[in-house]
Amino acid sequence: MSPILIIVLIIVVLVVIAAIVYGVQAGRRKKLQSTFGPEYDRAVADSGNRTEAEKELRERERRHSELELKPLSPESQAKYSADWEEVQLKFVDDPGEAVGTADDLVTRLITERGYPTHDYEDRLADLSVEHARTLGHYRDAHEISERNRGGTASTEDLRQALVHYRALFADLLGTDPVQSPDSAPVADRSKPVEVSDSSDLPESGADTAAERSAAATTEDTPEPPAPAPRKAADDTTTTASDTSR
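Residues numbered from 1 in each chain as written. Predicted model: local features only at pLDDT ≥ 70, side-chain atom pairs only at ≥ 80, totals over all residues. Heavy atoms only, no water.

Novice: Summarise the side chain of Thr 134; cite the residues concerned and give the values.
Specialist: Of note, Thr 134 is situated in helix H6 (residues 120-149). Owing to a relative accessible area of 13%, Thr 134 belongs among the buried residues under this scheme. Excluding residues within four positions of it along the chain, Thr 134 makes contact with Ala 167, Leu 168 and Asp 171. (Helix = DSSP H or I, 4+ residues; strand = E, 2+ residues; numbered from the N terminus. Buried < 20%, exposed > 50% of the residue type's maximum accessible area, 1.4 Å probe, protein only. Contact = heavy atoms within 4.5 Å.)

Next up, the structure:
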């Protein structure tokens, strides 16, 4: 075999190997992008190096595979849904307290699902493998919650935080807990409302109940019966008595 032919064969083999390596890397990259969604781009942007970012994402997958995650029972799902409704009720009267309660409730749900919660950044990394598409909501909610602790979050900020918490909460719960706060009517106390000043608040439950009770009493009290008409026989008796006198 001539030296030229050998060189050509070597080049062909190297090209084939390079194509295989490129195909494997492209397949891995596509899988990571599919798994992590927006978290893939965030990791690349934070790292500044695609290779290092992908190495970090594969490490997240490895740690995630060692977790003993478990689904919630129907009873637990119902309990968490009821707890979330209580949070939304609380928002009407005390938005700041409601957001703090929402943060605690989401953390409790994360723990029950089997995720470690001792460190916030590690928590984000573990959640990103299966809940990457709602993780941005969690970050935004957490940031507002931190400002709420410092007293710098507005009522609208707090309402947005509750919406963000609800996105991850529903993702972890596996079902939508209740109607979205964005679509809740102002007069409905069972769901959060947009509150910019006191005029937006619905009437208190006690006043509303008292008014309903008074209205019901008025409606239920029957009017006194009209006097019965005199019968013809009574008229005849009266006339006969007058004639005899």
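Still more to cover.
Novice: Residue-level account of the environment of Gln 88, with values.
Specialist: Mapped onto the elements of the fold, Gln 88 is located in helix H4 (residues 74-93). The sequence separation of Gln 88 and Ala 98 amounts to ten residues, and the corresponding C-alpha distance is 7.1 Å.

Novice: Account for the packing of aromatic side chains, with residues named and values stated.
Specialist: By the definition in use, this model includes four aromatic pairs. Through a chain of ring-to-ring contacts, three or more aromatic side chains come together here, namely Tyr 80, Trp 84 and Phe 169. (Phe/Tyr/Trp six-rings, centres within 6.5 Å; stacked < 30°, edge-to-face > 60°.)

Novice: Summarise the side chain of Asp 103; cite the residues concerned and give the values.
Specialist: Mapped onto the elements, Asp 103 comes out in helix H5 (residues 95-113). Discounting chain neighbours no more than four positions away, the residues touching Asp 103 are His 142, Ser 145, Arg 149 and Tyr 165.

Novice: Run through the layout of surface pockets, naming residues and quoting values.
Specialist: Estimated volume of the largest pocket: approximately 200 Å³. In this structure, the largest pocket is lined by 13 residues; those nearest its centre are Arg 42, Asp 46, Arg 60, Glu 121 and Arg 139. For the lining of the largest pocket, the secondary-structure elements that each account for two or more residues are helix H2 (38-47), helix H3 (50-65) and H6. Classifying every residue of the lining of the largest pocket by side-chain character gives five nonpolar, one polar and seven charged. (1 Å grid on protein atoms, 1.4 Å probe; cavity = no way out; pocket = protein on both sides within 12 Å on 5 of 7 lines; lining within 4 Å. Points joined across faces, edges and corners; volume = space filled by probe spheres on them. Nonpolar A, V, L, I, M, F, W, Y, C, P; charged D, E, K, R; others polar.)

Novice: Quick one: what's the story with the packing of H4 against H5, residue by residue and with numbers?
Specialist: The N-to-C vectors of H4 and H5 enclose an angle of 165°; their axes lie 7 Å apart at closest approach. For the element pair H4 / H5, the angle class is roughly antiparallel. Note on packing geometry: the crossing formed by H4 with H5 is left-handed. Residues Ser 76, Tyr 80, Asp 83, Trp 84, Val 87, Lys 90, Phe 91 and Asp 93 of H4 touch H5, and the partners they reach there are Pro 95, Glu 97, Ala 98, Thr 101, Ala 102, Leu 105, Arg 108, Leu 109 and Glu 112. Across the contact of H4 with H5, the residue classes break down as nine nonpolar, two polar and six charged. (Axes fitted to C-alpha atoms, helices over the stretch in contact; angles between N-to-C directions. Parallel < 35°, antiparallel > 145°, perpendicular 65-115°, else oblique. Left-handed = near helix turned anticlockwise from the far one by under 90°.)

Novice: A description of H2 should follow, citing residues and the corresponding values.
Specialist: Looking at H2, one finds that the buried residues are Glu 39, Tyr 40, Ala 43 and Val 44. Seen along its axis, H2 keeps its buried residues to an arc of 140°; they face one direction. Of the residues in H2, the exposed ones pointing more than 90 degrees away from the buried face are Asp 41, Ala 45 and Asp 46. Tucked inside the fold, the buried residues of H2 contact helix H1 (3-36), H3 and H6. Of the residues one or two after H2, Gly 48 is the one with positive phi, at around 80°. (Arc of directions from axis to C-beta.)

Novice: For the nonpolar core, give the residues involved together with the corresponding values.
Specialist: A general trend in soluble globular proteins is that nonpolar side chains are found buried together. Membership of the largest hydrophobic core comes to 29 residues, with the highest contact counts inside it found for Ile 110, Leu 127, Tyr 138, Tyr 165 and Phe 169. When residues of this core are traced back to their parent elements, those giving at least two are H4, H5, H6 and helix H7 (155-173). The element that contributes the greatest number of residues to this core is H7, accounting for eight residues. For Tyr 165, the residues in contact, after removing those within four places along its chain, are Trp 84, Val 99, Ala 102, Asp 103, Val 106, Tyr 138, Ala 141, His 142 and Ser 145. Listed in part, the eight residues of the second largest apolar core include Tyr 40, Ala 43, Ala 53 and Val 129. (Core = buried A, V, L, I, M, F, W, Y, C linked by side-chain atoms within 4.5 Å.)

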